[in-house]
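# Overview (structure and organization)
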Amino acid sequence: MEGKVECIEFDCEKKYLSDFIHMTSELYSFKNTTHDSEELKHLLSGTHILSKYFVLRKFCIYQDEKIVARFALTLYPDDDTAYLGFVEGIEENQVWRYLFEQAEHYAEDSGCKKIVGPVNASFWIGYRLKSDFFKDEPFTGEPYHREYYLNMFLKNGYEIIERYASSFYGAIDKNYTNPKFQKRYKQFREKGYRIISPEQADFDTVLEEIYYSVSELYRDFPIYKKISCEDFCEYMKRYFKIINLNMVKIGYYEQKLVGFFVALPNYGTSVYHVNKLSNILKVLYRKMSAKEYVLLYMGVDSKHKGLGSALAYSISEELKKINGTSIGALIHEGKVTQAYASDLIIKRHGYVLLEKKLK
């Protein structure tokens with residue numbers, strides 16, 4: 001590369017924190033910026049509620065003293081994988097080659113045998129690389145990167161190890177019925193299952209119940225790391241302010257939570273930028289008048305197969321009331337939920353997770 005190039009690992013120095021956070025301002029428009037700068041500050045300074053679970057090594061790459069790329073490596077105890085995240089860089093092959101060389105060097109320096117990414121510090125915070133439909137504005141919860149990123153990973157020795165998809169569903173007409181979902185819903189109700197939306201006063205209790213369900217259901221997911229119930233509930237409470245409880249469905253059998261389905265309004269990226277009054281107003285308005293929902297979290301105890309269809313039916317009935325559209329978000333390839341209501345799917349966005357083994 002022409003000019004002086006250097007990779008600087010930093011701790012909490014203000015200059016590097018600022019450069020790391022604001023590096024993306026030249027890469028993305030405001031509508032395509034999907035990171036929460038306040039949350040990122042807490043992660044970089046080690047004050048995030050989940051920081052206790054990992055070590056985050058942070059790096060800025062400069063060319064002639066101008067920042068041109070950044071990345072972080074997340075390290076977990078008793079794990080020989082380094083998780084590469086917050087990866088951003090200008091469209092220049094040599095910059096990316098240097099970035100990956102440095103990431104490999106520091107990963108090996110930390111005793112790691114492979115790198116997996118993108119993973120932004122934690123399973124709970126964000127991971128995956130978008131692979132198509134870059135002209136579409138990202139929906140809430142969707143990872144978003146420049147179109148050339150995937151090619152940069154592949155050119156530098158990374159292999160795709162997991163694929164995911166988001167399905168976009170058209171509006172549900174008031175006369176539409178999915179016979180399979182309707183039948184499942186009726187069957188489970190007849191067997192004594194309760195499928196309800198939680199009350200506001202019960203939200204904390206429901207979060208705890210979901211935690212124990214998630215801990216069992218997600219334990220075999222790629223990059224999943226368990227956190228405490230207390231930390232899970234505290235972190236997830238942020239959704240309480242932006243969620244409509246009628247779009248949360250909980251399945252109970254014999255007083256035990258055995259399934260859940262959580263959807264939230266599609267706020268686009270405005271929910272990440274609530275430090276601005278205009279965005280706070282957008283979020284409040286969208287919450288009250290949402291016509292599109294992101295189907296974000298779903299889980300069913302393996303002993304209660306088929307309950308997912310019944311939960312999906314109850315969500316679809318809520319969408320039918322508002323003639324609303326929805327997005328089945330970030331579903332792992334091969335999961336049965338990818339085929340839910342396939343007759344209503346308009347398009348699918350794709351995402352990948354990548355890996356590179358170290359020497």
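Residues numbered from 1 in each chain as written. Predicted model: local features only at pLDDT ≥ 70, side-chain atom pairs only at ≥ 80, totals over all residues. Heavy atoms only, no water.

Okay, the overall build of the chain next. When helices and strands are counted, the chain shows nine helices and 13 strands. For a compact globule of 359 residues, the expected C-alpha radius of gyration is about 21 Å, and the chain comes in at 21 Å, within 12% of that figure. By principal-axis analysis of the C-alpha atoms, the chain measures approximately 70 × 40 × 35 Å. Within the chain, the proportion of its 359 residues that are buried is 56%. Put simply, of all contacts in the chain between residues at least 6 apart along the chain, 77% involve residues at least 24 apart. By element, 48% of the accessible surface of the chain is carried by carbon and sulfur atoms, the whole surface being about 17,600 Å². (Helix = DSSP H or I, 4+ residues; strand = E, 2+ residues; numbered from the N terminus. Rg over C-alpha atoms; globule rule 2.2 N^0.38 Å. Buried < 20%, exposed > 50% of the residue type's maximum accessible area, 1.4 Å probe, protein only. Contact = heavy atoms within 4.5 Å. Areas by Shrake-Rupley, 256 points an atom, 1.4 Å probe, with all protein chains shown as cover.)

Let us look at helix 2 (residues 37–45). Taken residue by residue, helix 2 has Glu-39, Leu-40, Leu-43 and Leu-44 as its buried positions. Around the axis of helix 2, the buried residues are gathered within 135 degrees of arc, so they sit on the same side. Contacts from the buried residues of helix 2 go to helix 1 (14–22), strand 2 (55–63), strand 3 (66–75), strand 4 (81–89) and helix 7 (229–236). Just past helix 2, the residue Gly-46 takes up positive phi, approximately 80 degrees. (Arc of directions from axis to C-beta.)

Our focus in this paragraph is the packing of helix 6 (residues 203–217) against helix 7. Helix-helix packing is characterised by the crossing angle of the two axes and by the distance between the axes. In the contact formed by helix 6 and helix 7, the axes pass within 9 Å of each other and the chain directions differ by 120 degrees. In terms of orientation, helix 6 and helix 7 fall into the oblique class. When you trace helix 6 past helix 7, the crossing you get is right-handed. Across from Leu-207, Glu-208, Ile-210, Tyr-211 and Tyr-212 in helix 6, the residues of helix 7 making contact are Cys-229, Phe-232, Cys-233 and Met-236. Taken together, the residues that form the contact of helix 6 with helix 7 break down as eight nonpolar, no polar and one charged. (Axes fitted to C-alpha atoms, helices over the stretch in contact; angles between N-to-C directions. Parallel < 35°, antiparallel > 145°, perpendicular 65-115°, else oblique. Left-handed = near helix turned anticlockwise from the far one by under 90°. Nonpolar A, V, L, I, M, F, W, Y, C, P; charged D, E, K, R; others polar.)

With that settled, the discussion passes to unusual backbone geometry. Look at the link from Gly-117 to Pro-118: it is a cis peptide, with omega at -5 degrees. Counting through the fold element by element, Pro-118 comes out in the loop between strand 5 (114–117) and strand 6 (129–130). The backbone of Asp-78 sits at a positive phi, close to 60 degrees, despite the residue not being glycine. In this structure, Asp-78 sits in the loop between strand 3 and strand 4. Its identity as a non-glycine residue notwithstanding, Phe-133 has a phi of 50 degrees, on the positive side. Tracing the chain through its elements places Phe-133 in the loop between strand 6 and helix 4 (149–155). A residue is classified by how much of its surface remains accessible, and Phe-133, at 35% relative accessible area, is partly exposed.

A separate point is empty space enclosed by the protein. According to the stated counting rule, one finds three cavities of 30 Å³ or more in the structure shown. Estimates place the volume of the largest cavity at around 210 Å³. If you trace the largest cavity, you find 17 residues lining it, with Leu-207, Ile-210, Met-236, Val-262 and Tyr-297 closest to the centre. For the lining of the largest cavity, the secondary-structure elements that each account for two or more residues are helix 6, helix 7, strand 10 (256–265) and strand 11 (292–300). The leading source of residues in the lining of the largest cavity is helix 6, at five residues. (1 Å grid on protein atoms, 1.4 Å probe; cavity = no way out; pocket = protein on both sides within 12 Å on 5 of 7 lines; lining within 4 Å. Points joined across faces, edges and corners; volume = space filled by probe spheres on them.)

Under the defined criterion, the tally for this structure stands at 35 aromatic pairs. A centroid spacing of 4.9 Å and a plane angle of 45 degrees characterise the contact between Tyr-185 and Tyr-313, whose relative ring orientation is tilted. Here the residue Tyr-185 occupies a position in helix 5 (residues 179–190), and Tyr-313 occupies one in helix 9 (residues 307–322), the gap between them amounting to 128 residues. The ring of Phe-188 carries the charged tip of Lys-191 above its face, separated from the ring centre by 5.4 Å. Looking at Lys-225, its charged tip hangs above the ring of Tyr-76, at a distance of 5.0 Å from the centre. (Phe/Tyr/Trp six-rings, centres within 6.5 Å; stacked < 30°, edge-to-face > 60°. Lys NZ or Arg CZ within 6 Å of the ring centre and 35° of its normal.)

Moving on to the pattern of salt bridges. For the coordinates displayed, the defined rule picks out 18 salt bridges. One salt bridge in this structure joins Arg-57 and Glu-9, with 2.8 Å as the shortest N-O distance. Separated by 48 residues along the polypeptide, Arg-57 in strand 2 and Glu-9 in strand 1 (residues 5–10) bring together distant segments of the chain. You can call Arg-57 buried: its relative accessible area is 13%. We classify Glu-9 as partly exposed; its relative accessible area is 34%. Note that Arg-219 is salt-bridged to Glu-216, the shortest N-O span being 3.2 Å. It is possible to trace a salt-bridge network through shared partners that takes in Glu-9, Arg-57 and Asp-109. (Salt bridge = Lys/Arg side-chain N within 4 Å of Asp/Glu carboxyl O.)

Examined bridge by bridge, strand 4 and strand 5 share three bridges and lie parallel to one another. What sits directly across from Tyr-83, in strand 5, is Val-116. Running through helix 3 (residues 93–109), the crossover from strand 4 to the neighbouring parallel element strand 5 is right-handed. In the sheet, strand 5 pairs with strand 13 (residues 345–357) via four bridges, with the strands oriented antiparallel. (Pairing = 2+ DSSP bridges. Right-handed = clockwise from strand over helix to strand, strands pointing away.)

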